[in-house]
Amino acid sequence: MTGADDDYVYDEATGEWRPAGEMKAAAVREVRDASGTLLSDGDSVTLIKDLKVKGANQTLKQGTVIRSIRLTDNDDEIDCRHDTIKGLVLRTEFVRKR
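Summarised in this report is the structure supplied together with it. Fair warning: this is a prediction, and the values are worked out from it, not measured in the lab.

1. Let's talk about the pairing of strand E10 (residues 77–80)
When strand E9 (residues 70–71) meets E10, the two strands line up antiparallel, connected through two bridges. When the sheet's bridge partners are listed, Arg70 is paired in E10 with Asp79. As consecutive antiparallel partners, E9 and E10 are separated by five residues. Across four bridges, the pairing between E10 and strand E11 (residues 88–91) is antiparallel. Residue Glu77 lies in a different strand from E11, and its bridge partner there is Arg91.

Here it is, written out as structure tokens:
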């Protein structure tokens with residue numbers, strides 16, 4: 001008899017076969033902004049300080065609204081797009097959820 005507990009998934013990070021339930025629990029991440037609010041894909045955030053953008057010779061001012069963020073593999077970074085800057089990656093310590 002096979003059940004959900006008998007399913008295994010190959011974990012590329014460790015090179016081992018692990019129970020599917022364990023992998024699903026590990027996949028749940030919590031990404032938080034500067035004030036500790038939980039962030040998710042599609043949220044809008046506001047910058048809490050002026051940030052110089054490397055490679056664009058531009059400064060994003062405090063209070064700038066960034067819409068439709070995407071979470072990355074790194075819990076400390078979010079992927080986003082600004083009107084003048086494509087492919088922008090921001091650290092979560094510099095944003096606050098709107």
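2. Here we look at the pattern of salt bridges
Across all of its chains, the model carries four salt bridges by this definition. Linking Arg32 and Glu30 is a salt bridge whose minimum nitrogen-to-oxygen distance equals 3.0 Å. A relative accessible area of 51% means that Glu30 is categorised as exposed. For Lys97, the salt bridge goes to Asp43, with nearest N and O atoms at 3.4 Å. With a gap of 54 residues between them, Lys97 in strand E12 (residues 95–97) and Asp43 in the loop between strand E4 (38–39) and strand E5 (45–47) connect regions that are remote in the sequence.

Rules and cut-offs
- Residues numbered from 1 in each chain as written.
- Predicted model: local features only at pLDDT ≥ 70, side-chain atom pairs only at ≥ 80, totals over all residues.
- Heavy atoms only, no water.
- Pairing = 2+ DSSP bridges.
- Helix = DSSP H or I, 4+ residues; strand = E, 2+ residues; numbered from the N terminus.
- Salt bridge = Lys/Arg side-chain N within 4 Å of Asp/Glu carboxyl O.
- Buried < 20%, exposed > 50% of the residue type's maximum accessible area, 1.4 Å probe, protein only.

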